Amino acid sequence: MNKFYLLLIISIFLNYVKCDQTILVPLFNKTINFSDFLGIGGEFSLFSSDSVSQQLTFIKQLPIGWVRIGIPYNQFESTEGVFDLNRFDPQMRQLNASGLNTIVYFTGVPSWFNTVGPTPTPTPLNASTLPSTIQQQAQFAQTLLELANNYTFVKYWQVWDRMNDIPTGATTYDPKTYLDLFNQVLQVFKKEGLQSKLSIGSVYGYGNSNSPGSDANFITDLLNDDSSVFNSIPSSFQPYTQYPEGNSLSDISGNSSNYIISNGLVNKLKGTGVSSSMVFSSQWGWSSDNSLGGELQQANNTIKRLLLDVVSGVDKSFLYTISDLDTNSNITNLSDRLYGIINLQLGKKLVYRVLERLFQITGPQLVTPTELINTQIIGVQPGMVIMFFKKPATKTFLVVFYKNYLSPANGGSTDPYKNVSTISLFSIPNGGSKDNIGYLYTPINVNQSPSTASSYEVVQLGQITYLPVSHDLSIFEFPLPPPKNSSSNSSSDDSSSLKLLPTFTNTILLVFIFTIIQYVF
């Protein structure tokens, strides 16, 4: 049997553009099943049971296996010792019946909390006040236990939320008080044998404090104070950023990129002596407000971040949220109410349809493309993000690529890389013809169906395949599937990381390509 070692070299044509460092995403080292990896947030307490039922139907039509919801303490126990289960029971029963894995976060102290402890506060506490006295923390732990015993199907209870987000999640930056609170809850749950149900609260962003003049990091401070708290306890962060890769165009391509920060944060959490069992990217998304690029930009950003999360090392990734919100949410800013993937009329927004399209292309599972061990990328253009995957169902490879700028048409003010528009690719795919070697998809084009992919074959001119590069994420799938009833010659013995050769810093019109393709057997 013949065996081909695929040696894939991508080169970039540059025209009067200065080369900067480019994000080249490394090979990920685990199998991704989207039904276990992908989750979504739901504000179900704000909707009727009928609406919740329809939202859950939309969720289950995508390969989403997890849901994350919030229960406000000041609504569940507005009067001390009186638990308002009726307010949450209908939605919780629906979640239980759905079979979706559920995570619940719990915030917002009630006004009666000001009487808890030896020195009652004369005025009601702010709802974001973190329980700080021993008495308050014990009270909170018992309330959380009450919920856990009542809703036994919940997989994880996150202790508080956005503890570093001042004043939303707490009134002051105080990792030590949070650590005391978590340990108090942990002790109470351990007595009931429920410690495996707990998760550390989800920090906002990448853990940095938003207090004026502070450069502290909540996760780093927790690790420094007591890393044992992460022992077999899931942890999470909420990587909201302006762009899928970061917060500004200037930091996307360098070592301060938020994508790189995210990857480093995951490695830090998993690299502790005791190790966190799992790390979640627990809440992220973009608004479809027209002033922010509308539904097109929301859809583009969402699929890019999702695939970046696949390779970042996080164990689960949660979109926010399934549905847009109305004024009953008490969110006054219209943009903040438009993060849903369906609208208030329970119709699919573009982002939902693009996610459907993306999963049609990728399939339900992705694995490491170990056959591409020797892949080299030479003279990569500035602003490009490139990822590599393999579809085990078809044994085909996916090259995902895009330019990470915002063009004027997509909400940006300028296009700094407008002169760069082509990449060239060399390969020897098994099962392909001389002229057509694969399919090129653009998920944002929701009418482009894999079932009619022949309309989108990539034509090979000589030994070079030309692929268009744009702000929209593109996916090149190769080789062409072999004819039915024919045997496959593919093999996959080698594994390693991808290689990035140094980029050129001078202005050039063409990057010369050198490739050697080896064979044996």
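Our structure's up above, just so we're on the same page.
Throughout what follows, the structure given in this document is the object of discussion. This structure is a prediction, so every number in the text was calculated from the model and none was measured.

Procedures and definitions
- Residues numbered from 1 in each chain as written.
- Predicted model: local features only at pLDDT ≥ 70, side-chain atom pairs only at ≥ 80, totals over all residues.
- Heavy atoms only, no water.
- Pairing = 2+ DSSP bridges.
- Helix = DSSP H or I, 4+ residues; strand = E, 2+ residues; numbered from the N terminus.
- Axes fitted to C-alpha atoms, helices over the stretch in contact; angles between N-to-C directions.
- Buried < 20%, exposed > 50% of the residue type's maximum accessible area, 1.4 Å probe, protein only.
- Polar contact = N/O pair within 3.5 Å; in protein donor to acceptor, adjacent residues only side chain to side chain.
- Core = buried A, V, L, I, M, F, W, Y, C linked by side-chain atoms within 4.5 Å.
- Contact = heavy atoms within 4.5 Å.
- Expected span 1.5 Å × (residues − 1).
- Phe/Tyr/Trp six-rings, centres within 6.5 Å; stacked < 30°, edge-to-face > 60°.
- Lys NZ or Arg CZ within 6 Å of the ring centre and 35° of its normal.
- 1 Å grid on protein atoms, 1.4 Å probe; cavity = no way out; pocket = protein on both sides within 12 Å on 5 of 7 lines; lining within 4 Å.
- Points joined across faces, edges and corners; volume = space filled by probe spheres on them.
- Nonpolar A, V, L, I, M, F, W, Y, C, P; charged D, E, K, R; others polar.
- Parallel < 35°, antiparallel > 145°, perpendicular 65-115°, else oblique.
- Left-handed = near helix turned anticlockwise from the far one by under 90°.

### Let's talk about the sheet that holds strand 10 (residues 235–238)
Piece 1. Pairing is parallel in the closed barrel, where 8 strands are placed in the order 5-6-7-8-9-10-11-12. For this sheet, the mean angle separating the axes of adjacent strands, direction not counted, is 25°.
Piece 2. In this sheet, strand 12 (residues 316–319) lies alongside strand 11 (residues 279–284) in parallel orientation, the contact comprising 3 bridges. Within strand 12, the residue paired with W284 across the bridge is L319.

### Some thoughts on unusual backbone geometry
Piece 1. Residue P167 is bonded to the preceding I166 through a cis peptide linkage, with omega at 5°.
Piece 2. With respect to the helices and strands, P167 occurs in the loop between strand 8 (156–161) and helix 6 (175–191).
Piece 3. With phi around 70°, W160 is a residue other than glycine that occupies positive phi space.
Piece 4. Among the residues examined, W160 registers a relative accessible area of 1% and is labelled buried.
Piece 5. Of note in this structure, K395 is not a glycine but carries a positive phi near 60°.

### Some words on the side chain of D161
Piece 1. If you trace the backbone, D161 turns up in strand 8.
Piece 2. Judged by relative accessible area, D161 falls into the buried class, the value being 7%.
Piece 3. A distance of 2.6 Å separates polar atoms of two side chains, one belonging to D161 and the other to R68.
Piece 4. Polar contacts involving the side chain of D161 include one to the side chain of Q238, which spans 3.1 Å.

### Considerations on the nonpolar core
Considering soluble globular proteins, one finds that nonpolar side chains tend to be buried as a cluster.
Piece 1. By size, the foremost hydrophobic cluster in this structure holds 107 residues, and its most contacted members are W157, Y178, F189 and F389.
Piece 2. The contacts of Y178, once residues within four sequence positions are left out, are L130, V159, W160, M163, I200, G201, F218 and L222.
Piece 3. Of all hydrophobic cores here, the second largest spans 14 residues; its members include M384, F388, F401 and V469.

### Here's the deal with helix 11 (residues 350–362)
Piece 1. In this model, helix 11 (13 residues) spans 18 Å end to end at C-alpha, consistent with the 18 Å of a helix rising 1.5 Å per residue.
Piece 2. For helix 11, the buried fraction is high: 10 of the 13 residues fall into the buried class.
Piece 3. Residue G363 follows helix 11 closely and has a positive phi angle near 80°.

### Looking at the packing of aromatic side chains
Piece 1. The full count for this structure, using the stated rule, is 27 aromatic pairs.
Piece 2. Taking the centre distance of 6.5 Å and the plane angle of 70° together, the rings of Y151 and F153 count as edge-to-face.
Piece 3. A residue is classified by how much of its surface remains accessible, and Y151, at 4% relative accessible area, is buried.
Piece 4. One aromatic cluster is present, formed by Y73, F76, F83, F88, F106, W112, F113, F140 and W160 through successive ring pairs.
Piece 5. Seen from the ring of W284, R305 lies directly overhead, with NZ or CZ sitting 5.9 Å from the centre.

### Topic: the layout of surface pockets
Piece 1. Volume-wise, the largest pocket comes out at about 1,000 Å³.
Piece 2. Together, 30 residues line the largest pocket, and E43, Y105, T168, Y320 and I331 are the ones closest to its centre.
Piece 3. Elements represented by at least two residues in the lining of the largest pocket include exactly strand 6 (66–72), helix 3 (73–76), strand 7 (101–107) and strand 8.
Piece 4. With 3 residues, strand 6 is the single largest residue contributor to the lining of the largest pocket.
Piece 5. Within the lining of the largest pocket, the residues separate by chemical class into 12 nonpolar, 13 polar and 5 charged.

### Description of the packing of helix 2 (residues 49–60) against helix 4 (residues 89–98)
What describes two packed helices is the angle between their axes and the distance between those same axes.
Piece 1. Taken N-terminus to C-terminus, the directions of helix 2 and helix 4 make an angle of 25°; their axes are 10 Å apart at the nearest point. Between helix 2 and helix 4, the angle is such that the two are roughly parallel. The element helix 2 and its partner helix 4 pack so that their crossing is right-handed. Between helix 2, through S49, V52, S53, L56 and K60, and helix 4, the contact on the second element is made entirely by P90, Q91, Q94, L95 and S98.
Piece 2. For the contact of helix 2 with helix 4, the class distribution of residues is 4 nonpolar, 5 polar and 1 charged.

Taken by themselves, the reported measurements are silent on function.
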